[in-house]
Amino acid sequence: MNAKILEIFHSIQGEGKYVGAPQVFVRFFECNMHCVWCDTPGSIGDGRREYKEMGLEETLKQVNDIYDNAHSVSITGGEPLLQADFLKSFCHALRREGKKTYLDSNGTLPDALQEIIKDIDVIAMDIKLPSSTQQKPFWAEHKEFLKIAARKEVFIKVVTSLNTKEEEVLKAAKLVAAVDPGILFIIQPNYLDMKKGIIEQCLGHQKSCAKILKDVRILPQVHKFMKLR
């Protein structure tokens, strides 16, 4: 079985709970969403379709060649869960080798997560806000996804833009609180709006969400400031 892989590289994690941690990133090709602010448009599958078909052994070898005491292997995209059949074998092999698996997902494919959850260590789950992504809502899918993800270490990322509606941020916070109010909730300002007053908006979101969640943080994409991938 082969996977569609865009790239494999070593860098630091620039988002979420593990900012600054060294990781090997395996970026899977294709996504089921088309967020207007997507920072990896080449992984979506629109327009140019440039990726490499890679088997399990080849993928593992490339990871091992550059692992260099990384914290974990970041399984990202695109949306990696679109290739859940490959991930079942890949994640199991990584765990067998003693490597931690870190799944970065848009949180919309709960059935696929269920298939691989036993071999995942950390889940960075997005909750996609329709006013921010300019896509249809996925509230029901997010709810089911989080219920499954909560069996493991999970934290939430909510990307906000100047178009984000306060009520949607609160709805995301309430969705998380219904599962576990102690789950880390990260408000991530859209990098393209950083010089347009979005931080002040995020501070307002944080204040509102902190009334129902125990740990709400504002954290931009650090790797962008460091000029890293």
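Above this text you will find the structure in question.
Residues numbered from 1 in each chain as written. Predicted model: local features only at pLDDT ≥ 70, side-chain atom pairs only at ≥ 80, totals over all residues. Heavy atoms only, no water.

J.: Would you mind showing me how to read the overall build of the chain here?
T.: A count of helical and extended segments in the chain gives 8 helices and 9 strands. Its C-alpha atoms give the chain a radius of gyration of 17 Å, near enough to 17 Å, the size a compact globule of 229 residues would have. Its C-alpha atoms put the chain at 45 × 35 × 30 Å along the principal axes. When burial is assessed residue by residue, the chain has 52% of its 229 residues classed as buried. Considering only intrachain contacts with a sequence separation of at least 6, the fraction spanning at least 24 residues in the chain is 74%. (Helix = DSSP H or I, 4+ residues; strand = E, 2+ residues; numbered from the N terminus. Rg over C-alpha atoms; globule rule 2.2 N^0.38 Å. Buried < 20%, exposed > 50% of the residue type's maximum accessible area, 1.4 Å probe, protein only. Contact = heavy atoms within 4.5 Å.)

J.: Which parts of the structure should I look at to understand the environment of Leu162?
T.: Here Leu162 is to be found in the loop between β7 (153–160) and α6 (166–179). Linking Leu162 and Gly197, residues 35 residues apart in sequence, is a C-alpha distance of 8.1 Å. Aside from chain neighbours lying at most four places away, what touches Leu162 is Asp193, Lys196, Gly197, Ile198 and Gln201.

J.: I would appreciate a short explanation of helix α1 (residues 56–66) in the present structure.
T.: Residues separated by three or four positions in an α-helix point in the same direction, a consequence of the helix having 3.6 residues per turn. Residues of α1 that are buried: Thr59, Leu60 and Val63. Looking down the long axis of α1, one finds its buried residues gathered within 95° of arc, a one-sided arrangement. In α1, the exposed residues that point more than 90 degrees away from the buried face are Glu57, Lys61 and Asp65. For α1, the secondary structure elements touched by its buried residues are β1 (2–12), β2 (22–28), β3 (52–55), β4 (72–76) and α2 (84–96). Where α1 ends, the next residue or the one after it, Asp68, has phi of about 50°, a positive value. (Arc of directions from axis to C-beta.)

J.: Where do I start with the nonpolar core in this structure?
T.: Nonpolar side chains tend toward joint burial in soluble globular proteins. Phe90, Ile127 and Phe185 are the most contacted members of the largest nonpolar core, which has 52 residues in total. Tallying contributions element by element places α2 first for this core, with 7 residues. In this structure Phe90 touches Val26, Phe28, Leu56, Thr59, Leu60, Val63, Val73 and Ile75, once residues within four positions along its chain are discounted. In this structure, Tyr18, Tyr102, Ala124 and Leu184 belong to the second largest nonpolar core, which totals 8 residues. (Core = buried A, V, L, I, M, F, W, Y, C linked by side-chain atoms within 4.5 Å.)

J.: Would you mind showing me how to read the pattern of salt bridges here?
T.: Side chains that differ in sign of charge can pair as their charged atoms come close. Evaluated as defined, the whole model comprises 20 salt bridges. For Glu30, the salt bridge goes to Lys4, with nearest N and O atoms at 3.5 Å. Placement of the pair is Glu30 in the loop between β2 and β3 and Lys4 in strand β1, with a sequence separation of 26 residues. Between Lys157 and Asp104 there is a salt bridge, with its nearest N and O atoms 3.4 Å apart. (Salt bridge = Lys/Arg side-chain N within 4 Å of Asp/Glu carboxyl O.)

J.: Hey, could you run me through unusual backbone geometry in this one?
T.: Note: most peptide bonds trans; most residues except glycine with negative phi. In this structure, Gly78 follows Gly77 across a cis peptide bond, with omega equal to 15°. Looking at the secondary structure, you find Gly78 in the loop between β4 and α2. The phi dihedral of Asp68 is positive, around 50°, even though this residue is not glycine. Tracing the chain through its elements places Asp68 in the loop between α1 and β4. By relative accessible area, which is 61% here, Asp68 ends up exposed.

J.: How should I be thinking about the pairing of strand β8 (residues 185–189) in this particular structure?
T.: Regular strands have side chains that alternate between both faces of the sheet. Most of β8 is tucked away: 5 of the 5 residues are buried. Along β8, one buried face is formed by Phe185, Ile187 and Pro189 and the opposite face, lined by Ile186 and Gln188, is buried too. In terms of strand pairing, β7 meets β8 through 5 bridges, oriented parallel. Its bridge partner lying in β8, Lys157 is registered against Ile186. (Pairing = 2+ DSSP bridges.)

J.: Even after reading the chapter, I still don't get the environment of Phe90, so can you show me in this structure?
T.: Topologically, Phe90 is positioned in helix α2. According to the relative accessible area criterion, Phe90 is buried, its value standing at 0%. Each C-alpha atom, one on Phe90 and one on Thr101, is 9.8 Å from the other, the two residues being 11 residues apart in sequence.

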